[in-house]
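# Summary of the model geometry
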Amino acid sequence: MNWLIAILQTTLFVALAPLLAGWLKVCKCYLQNRQPPSLLQPYRDLLKLTNKQPVVSEQASWLFIKAPYIIFSATVLAATVVPLIAVDLPTSASADVIVMVGFFAFARFFLALAGLDVGTAFGGMGSSREMTISSLAEPAMLMAIFTLTMTASTTNLSLAISHVLEQGLVLRPSFVFALFALILVAVAETGRIPVDNPTTHLELTMIHEAMILEYSGRHLALIEWASQLKLMLYGVLCANIFFPWGIAQTFSLHDLGYGLLAIIGKLMVLSIILGIAETLVAKMRLFRVQEYLGFAYLLGLLGMLSHIILEASR
Amino acid sequence: MILLLAYCAVLFSFTSGLLALLSNQQQFLLALQHRFLKTPSAFIDHCLEEHHYPNFLRQVVFIALGLSGGFAVLAGLSVLISNTVVTDQIGLGLPWLPWHIRFDALSGFFFLIIGIAVGAVSLYGPGYVHHYKEKDHPFAVLGLFTGLFVTGMLLVLLADDAFVFMIAWELMSVASYFLVAFQHENSANRRAAFLYLLMAEVGALAIILAFGVLASFSDGFTFDALRHAQLSTTWASIAFGLAVLGFGMKAGIVPIHVWLPEAHPVAPSHISALMSGVMLKVAIYGLIRFSFDLLDKIQWQWGVVLLVIGTISALGGILYAMMQPNLKRLLAYSSVENIGIIFMVLGLAMIFLDNGHPELAALGFLAALFHAFNHALFKNLLFLGAGMIHQQTHELNIDMLGGLIKKMPQTSMVFLVGCMSISSLPLFNGFVSEWLAFQTALQVDVLDNGVLRSLIPVSAAALALTAALAAACFVKVFGLTFLGVPRSRHSEKAHEVKDKGMIAATTLLAGMCFLVGIFPSVIIRLINRVTGQLLNQTLANNNGLSWLWLAPVAPEQASYSPPLVLIGALIAGCVCYWYLRRDPDKAIRIGETWDCGFGGLTPRMQYTSSAFTMPFRRIFAKAWIIDEQVNKDMQGAMDQDVAAVHYALHIQDHSWPWVYQPLERGVNNLSKQVGRIQTGNIRTYLGYSFVTLLVLLWVIS
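Within any chain, residue numbers begin from 1 and follow the written order of that chain's sequence. Think of it this way: whatever chain is written first is A, whatever ligand is written first is 1, and the rest follow in order. At least 70 in pLDDT is required for a residue's local features to be given in this predicted model, at least 80 for side-chain atom pairs to be given and counted, and no such filter applies to totals for whole chains, interfaces and linings, which use all residues. With hydrogens and water stripped out, all remaining heavy atoms of the structure feed into the side-chain values.

## Brief notes about the overall build of chain A
Rules: Counting from the N terminus, the helices are the DSSP runs of H or I reaching at least four residues and the strands are the DSSP runs of E reaching at least two. Two residues qualify as a contact provided that any one of their heavy atoms is within 4.5 Å of a heavy atom in the partner residue. All accessibility values rest on the Shrake-Rupley procedure with a 1.4 Å probe; residue burial counts only the protein chains present in the view. Here Asp and Glu are counted as negative and Lys and Arg as positive; His is not counted, and neither are the chain ends. Every charge is mapped onto a representative atom, which is NZ of Lys, CZ of Arg, CG of Asp or CD of Glu.
A tally of regular secondary structure across chain A gives 12 helices and one strand. From first element to last, N terminus to C terminus, chain A shows the α and β order α-α-β-α-α-α-α-α-α-α-α-α-α. Dimensions along the principal axes, computed over C-alpha positions, put chain A at roughly 60 × 45 × 45 Å. A separation of at least 24 residues holds for 80% of the contacts in chain A among residues at least 6 apart in sequence. When the accessible area of chain A is evaluated, it comes to approximately 11100 Å², of which 68% is carbon and sulfur surface. Both charge centroids of chain A, one from 18 positive and one from 18 negative side chains, sit 5 Å from each other.

Right, dumping it as structure tokens:
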């Protein structure tokens, strides 16, 4: 039963990720006085891409062709670890939160290699920038997450979220710091404004797009889907770690349905906030990103220290 | 019986060294054969033929080395599995001090590491040394010192008194000096070798002093006597400080690491693999033996020292590694990083041990040893891979490589596994030890000391940064070396390595990296024996080490199941692969590179090493001494058109101007002062003798 729920949850993750991207686009369009596309447009795009014949450069090696599958699988595996509608997942035990960060690193490793594979200047540029940003973002993210794991004294995400639920509504300064750190990291890692612009195709500013320029057809679909999934994963992490209320603790149909509604509501609110932020803030220069991520790292560290100094049991 | 296996390992490595000496003694062997063998044997004749002899001898030498590795693995495994301690005395050495030998779980574990590495190198060796010209680079020298080097390392592990330990240690250092200086026609190599010898001897002095401090409080030089030495905390700390200096110099911690990136890359690749993968581990062994075994009580302050220098080494090592365009130098710097990680976790173990949490100390200790094991595997693999690249392209500068994935598919596969392991990606072995290190650091809540409680999370943050930077560094390495379009004629004309032994050695190591990553508990259970013997404490949750699960503290605190993750990955991969590839009409079409439609792409437009690391160079600018020069050649009527741009980038380590050059100047000045009393005048010297005599007489009376 547990395993069934885990599989169902992962499927939901994969299925709902394009919807979240669509909803975010709708929010942004309304905020910017534009006519929004249909909420289902991301699904149509993915379907269109999967039905097209992919064109691969003659310079590409096997790594370029296999990389989208690896990237997608690694992101799906990361999704199995994160509780979406219910806690107490068996998959959370087989891979804890450090492994989840490892899955992201795995996907990124191959994405960056794929960018270098064809031998274009754009690909190298994207890979170099992506690795720079992620190597600053990953420690900040681990710091934020360690604050949670030390509070709950477990690195198992399901158990940690249950722990937060049991404690009830307690205002922990460490969690405030960690939440802000995680949001900053999430924005950077999912390539949103102000770090990267998902809609740009201007050569000098793009990061994620530069790496995947040579991809087409089903390969592009997989990578796009993986990045939508990543956006959703970060959203769910922010929502369920810091505001876990509503998530199902038993596997009754009522609780699960309630959990699904809760997370959809939370994600809708989060994406409205993200949409507002993206509308208000301009993209920053590449070499300002270090200050931004350094700030995130500092927030994460502050969260951890304030946990140790203020909140730990002694 | 177990000891016999260990002796066999030592003897076979020694024999392989001696056999190499026969490389130019073909006539002598022929004479021997005629004298003793009445019936001529066709096989021996065939082997001794002019043509076959060098090849045959190489095979024999490396087979002996391989046997040594095999016996080392067997000895290590048997002592770990039987969980015993064997001691022995050999009547060699000083008349009143025979050699004391002791073989316990800790030695056994390092025997295992050396055995695997030596085994892989012996498979790899024949194909690799084959291209050395006998006239310039005699095989006798290479084979002899390789044998002695391995013998020295194995003896260090067996030693049970300070004398044997130091003799074996010096054997290892001096033999490896000759290996570093093997290609001595380059002045850079001679300089690196001299620097290495100098540092090795300074380190050895520090180790001798450390033993001396211990010995002055005990009655003898055997480790048994040293264990019972009663030291005050101050003296123990002094001994520990000297040991960290001595062993740390060998292990290559920042800032005393400079010899390492100079010496490791210039040796032949299979020797670099042994030096970086194994010799540094022997230094770690020495430190563990000295501090956890010989010193009576561990102080947590020592742990803090190790934690801090470990953190600095890890971060410094990877930042310096990232900037290197030379593949082997990069790998050498990355060894500094990994040794730093091992030091960090050992420091954590010390902190927990002195604060009364031996089960957490066991966890940290285990993480350190496991990382040592993993590093030996993947660093060996990467150095051997670098050797294959160098052999095929005659190039180690990664800015001149590229596109090798199509020319050398097997090499690229094993190298990719090495890169993934060292970048600590899940499913590979590097990740597991890093995971264990994080688990140790996250237990900081049990400590009472406020400083430690805030210091350890900071170092955990540094560890996270190190891991992320390592991933970036090895994306650069693999991406620029194997992917893209060839950047030079050499890499365009490269072929796959033909020699089966070289492929087999690297495949073996790559396979082990993967298998240990999937079933880490097998090795961890062995290490648990070591912690049981050394710390009298095994993991808190010994049941958490099944083949499927890894839950070192408690299943509800942290668990990781690599086999399940692998199954999940396979399912996810297969489902999307099957779904998307079901329609044969939509098979891939091969086309020109799009590149936003600009066209006119040349290999030189690709990112290079310095371009890839440019953002890092700006962000961490303070970490290096950067000398960047851009010169433009102008032409045209108004001198306004750029004809060519010359770009030069030189990056230096901070430790040169801050540590070495002041020391060098100091030593020079001091020797000038000493030189003053040497006037060269015989009367002055007679005067000195007279004064000395007077003083001595005065002292005696």
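From this point on, the discussion continues.
## Points about the overall build of chain B
Definition in use: Burial classification: accessible surface area is computed with a 1.4 Å probe over protein chains only, and a residue below 20% of its type maximum counts as buried, one above 50% as exposed, and the rest as partly exposed.
Along chain B, the regular secondary structure elements total 27 helices and five strands. Expressed along its principal axes, the backbone C-alpha trace of chain B runs to roughly 100 × 80 × 70 Å. In chain B, which comprises 701 residues, the proportion classed as buried is 58%. In chain B, once contacts between residues fewer than 6 apart in sequence are set aside, the share between residues at least 24 apart is 78%. Summed over all atoms, the accessible surface of chain B reaches about 28400 Å², with 65% contributed by carbon and sulfur. Separation of charge centres in chain B, based on 40 positive and 40 negative side chains, amounts to 5 Å.

## Section: the layout of surface pockets
All names here are of chain A. Here is the rule: Only protein atoms enter the 1 Å grid used here, on which a cavity is any set of points holding a 1.4 Å probe that cannot leave and a pocket is any open set flanked by protein within 12 Å on both sides along at least five of seven lines; residues with an atom within 4 Å of a point are listed as lining. Grid points are joined across faces, edges and corners, and a volume is the space filled by probe spheres set on the points. In this classification, Asp, Glu, Lys and Arg are treated as charged, Ala, Val, Leu, Ile, Met, Phe, Trp, Tyr, Cys and Pro as nonpolar, and every other residue, Gly included, as polar.
Taken as a whole, the largest pocket encloses approximately 1200 Å³ of empty space. Together, 45 residues line the largest pocket, and Pro-198, His-208, Glu-209, Glu-224 and Ser-227 are the ones closest to its centre. At eight residues, helix α10 (residues 217-242) tops the list of elements feeding residues into the lining of the largest pocket. The class makeup of the residues in the lining of the largest pocket is 22 nonpolar, 11 polar and 12 charged.

## Examining the interface of chain A and chain B
Applied cut-off: The term buried area refers to how much accessible surface (probe radius 1.4 Å) is lost by two components on association, counted for both of them together. When a carboxyl oxygen of Asp or Glu is within 4 Å of a side-chain nitrogen of Lys or Arg, the pair counts as a salt bridge.
Contacts between the two partners involve 81 residues from chain A and, on the opposite side, 83 residues from chain B. With both sides pooled, the region where chain A packs onto chain B buries about 7100 Å², and carbon together with sulfur makes up 70% of that total. Looking at the side of chain A facing chain B, the largest losses of area belong to Phe109(A), Arg218(A) and Phe287(A), adding up to 9% of the total buried there. In this assembly, chain A and chain B are joined by zero salt bridges.

## Remarks on the pairing of strand β2 (residues 97-103) of chain B
Residues and elements named next belong to chain B. What counts here: Strand pairing is assigned whenever DSSP identifies at least 2 bridges connecting the two strands.
β2 sits mainly inside the fold: six of its seven residues count as buried. The pairing of strand β1 (residues 86-94) with β2 spans seven bridges and is antiparallel. In the strand pairing of β2, Asp-88 is matched with Ile-101. The antiparallel hairpin formed by β1 and β2 contains two residues in its connecting segment.

## Overview of the packing of aromatic side chains
Put simply, the rule reads: Only rings of Phe, Tyr and Trp enter the pairing, Trp through its six-membered ring, and a pair is recorded when the two centres are within 6.5 Å. The plane angle decides the type: under 30 degrees is stacked, over 60 is edge-to-face, the rest tilted. To sit over a ring, a charge needs its Lys NZ or Arg CZ within 6 Å of the ring centre and within 35 degrees of the ring normal.
Applying the stated criterion to the full structure yields 40 aromatic pairs over all chains. Aromatic side chains Tyr128(B) and Tyr132(B) sit 6.2 Å apart centroid to centroid with 85° between the ring planes, which places their arrangement in the edge-to-face category. Here Tyr128(B) matches Tyr132(B) in class, with each residue buried. The interplanar angle of 70° and the centroid separation of 5.1 Å between the aromatic rings of Tyr177(B) and Phe178(B) together place this pair among those described as edge-to-face. With a relative accessible area of 35%, Phe178(B) lands in the partly exposed category. Within the aromatic cluster, the residues linked to one another by ring pairs are Phe165(B), Trp169(B), Phe211(B), Phe223(B), Phe247(B) and Phe290(B). In this structure, Arg172(A) packs its charged tip against the face of Phe175(A), placed 4.8 Å from the ring centre. Above the face of the Phe287(A) ring, Arg618(B) is positioned so that its terminal group lies 3.9 Å from the ring centre.

## Comments concerning helix α12 (residues 289-311) of chain A
Inclusion rule: One less than the number of residues in a helix, times 1.5 Å, gives the span that helix is expected to have.
Over its 23 residues, α12(A) runs 31 Å from end to end, which matches the ideal 33 Å to within 8%, given 1.5 Å per residue. Those residues of α12(A) that sit buried are Val289(A), Tyr292(A), Leu293(A), Ala296(A), Leu299(A), Gly300(A), Leu301(A), Gly303(A), Met304(A), Ser306(A), His307(A) and Ile308(A). Summarising the contacts, the buried residues of α12(A) are in contact with α6 (121-152) and α8 (173-189) of chain A together with α19 (450-482) of chain B.

## Regarding empty space enclosed by the protein
Following the criterion strictly, the structure yields eight cavities of 30 Å³ or more and no others. Its volume calculated, the largest cavity comes out at about 150 Å³. Lining the largest cavity are 17 residues, with Glu138(A), Ser424(B), Phe431(B), Glu434(B) and Ala467(B) positioned closest to its centre. At the level of elements, α5 (97-117) and α6 of chain A together with α18 (429-441) and α19 of chain B are the ones that each hand at least two residues to the lining of the largest cavity. Among the residues forming the lining of the largest cavity, the class breakdown is 12 nonpolar, three polar and two charged.

## Overview of the nonpolar core
Our working definition: Throughout this description, the term nonpolar core refers to a set of buried Ala, Val, Leu, Ile, Met, Phe, Trp, Tyr and Cys residues connected via side-chain atoms within 4.5 Å. Here the bounds of each domain stem from an automatic or database domain assignment.
Core analysis: the largest hydrophobic core is formed by 366 residues, its most contacted members being Met100(A), Phe109(B), Phe165(B) and Trp169(B). When residues in this core are grouped by element, the largest group, 21 residues, is from helix α15 (residues 358-393) of chain B. When residues of this core are sorted by domain, at least three fall in each of domain 1 (1-160) and domain 2 (618-701) of chain B. Those residues within four positions of Phe165(B) in sequence are excluded, and the remaining contacts are Val156(B), Ala159(B), Ile207(B), Phe211(B), Phe223(B), Phe247(B), Tyr285(B) and Gly286(B).

## Comments concerning unusual backbone geometry
The omega angle of the peptide bond from Ile193(A) to Pro194(A) is 10°, so this bond is cis rather than trans. Mapped onto the fold, Pro194(A) is located in the loop between α8 and α9 (208-211). Geometrically, the link from Val254(B) to Pro255(B) is a cis peptide bond, its omega value of 5° lying close to zero. One non-glycine residue, Asp88(A), lies in positive phi territory at about 65°. Of note, Asp88(A) is situated in the loop between α3 (62-81) and α4 (90-94). Phi angles above zero are rare outside glycine, and Ser424(B) is one such case at about 45°.

## Some points on the confidence of the model for chain B
Residues and elements named next belong to chain B. We apply this condition: Here pLDDT means the predictor's own confidence in every residue, given as a number from 0 to 100.
When pLDDT is averaged along chain B, the result is 90; 98% of the residues meet or exceed 70. Least confident of the elements in chain B is helix α3 (residues 42-48), whose mean pLDDT is 68; most confident is helix α17 (residues 409-422), at 96. Here the prediction assigns the complex a pTM of 0.95, and the interface score ipTM is 0.95.

## A closer look at the pattern of salt bridges
Once their charged atoms are close, side chains differing in charge can pair, the charge on each being opposite to the other. Counting across every chain of the model gives 14 salt bridges over all chains. As a salt-bridge pair, Arg108(A) and Glu189(A) come within 3.0 Å of each other at their nearest N and O atoms. Pair noted here: Arg108(A) is in helix α5 and Glu189(A) is in helix α8, with a separation of 81 residues, a long-range link. In this structure, the salt-bridge partner of Arg227(B) is Asp224(B), at a minimum N-O distance of 3.3 Å. Residue Arg227(B) and its partner Asp224(B) are both found in helix α9 (residues 223-227); the two are separated by three residues, about one turn of the helix.

## A look at the side chain of Ser271(A)
Residues and elements named next belong to chain A. To be explicit about the condition: What qualifies as a polar contact is a pair of N or O atoms within 3.5 Å, subject to a donor-acceptor requirement within protein and to the restriction that residues adjacent in sequence count only when both atoms come from side chains.
Checked against the element boundaries, Ser-271 lands in helix α11 (residues 253-280). Exposure remark for Ser-271: the relative accessible area of 5% places this residue in the buried category. Polar side-chain contacts of Ser-271 include one of 2.6 Å to the backbone oxygen of Leu-267. Filtering out sequence-adjacent residues up to four positions away, Ser-271 remains in contact with Leu-20, Trp-23 and Leu-24.

## Thoughts on a nonpolar patch on the surface
The cut-off we apply is this: What makes a patch is a set of residues exposed beyond 30% relative accessible area and free of salt bridges, joined within 9 Å when like-charged and within 5 Å when nonpolar (Val, Leu, Ile, Met, Phe, Trp, Tyr).
On the surface, a cluster of nonpolar side chains totalling about 860 Å² of accessible area is made up of Phe690(B), Val691(B), Leu693(B), Leu694(B), Val695(B), Leu697(B), Trp698(B) and Val699(B). Tracing the backbone shows Val695(B) in helix α27 (residues 682-700).

## Here's the deal with the packing of helix α14 (residues 327-354) of chain B against α19(B)
Two measures define how a pair of helices packs: the angle their axes make with one another and the distance between the axes. Residues and elements named next belong to chain B. Filter applied, for reference: Comment: axis = line fitted to C-alpha atoms, over the contacting stretch for helices; angle = value between 0 and 180 degrees taken between N-to-C directions. Angles below 35 degrees are treated as roughly parallel, those above 145 as roughly antiparallel, those between 65 and 115 as roughly perpendicular, and all remaining angles as oblique. Left-handed describes a crossing whose near helix is turned anticlockwise from the far helix by less than a right angle; the clockwise case is right-handed.
Close contact between α14 and α19 brings their axes to 11 Å; oriented N to C, the two are set at 160°. By the criterion of interaxial angle, the relationship of α14 to α19 is roughly antiparallel. Pair α14 / α19 crosses with left-handed handedness. Note on element contacts: α19 touches α14 through Leu-452, Ile-456, Ser-459, Leu-463, Thr-466, Ala-470, Cys-473, Phe-474, Lys-476 and Val-477, opposite Leu-327, Leu-330, Leu-331, Ser-334, Glu-337, Ile-341, Met-344, Leu-348 and Ile-351. Of the residues assigned to the contact of α14 with α19, the class counts are 14 nonpolar, three polar and two charged.

## Observations regarding the state of the cysteines
All names here are of chain B. We count it as follows: In this description, the term disulfide denotes a pair of cysteine sulfurs within 2.5 Å.
Considering all chains together, one arrives at zero disulfides over all chains under this definition. Cys-419 takes part in no disulfide bond, and the closest cysteine sulfur, belonging to Cys-473, lies 8.9 Å away. For Cys-576, which is in no disulfide, the shortest distance to another cysteine sulfur is to Cys-574 and amounts to 8.4 Å.

## Some remarks on the packing of α15(B) against α17(B)
Residues and elements named next belong to chain B. Two elements in contact, α15 and α17, have axes whose closest approach is 9 Å; the angle formed by their N-to-C orientations is 145°. Both α15 and α17 take part in a crossing whose hand is left-handed. Two secondary-structure elements touch here, α15 through Phe-378, Lys-379, Leu-381, Leu-382, Gly-385, Ala-386, Met-388 and Ile-389 and α17 through Thr-411, Val-414, Phe-415, Gly-418, Cys-419, Ser-421 and Ile-422.

## Some words on the pairing of strand β5 (residues 641-652) of chain B
The sheet contact formed by strand β4 (residues 625-635) of chain B and β5(B) spans 11 bridges and is antiparallel. The residue of β5(B) that forms the bridge with Glu628(B) is Leu649(B).

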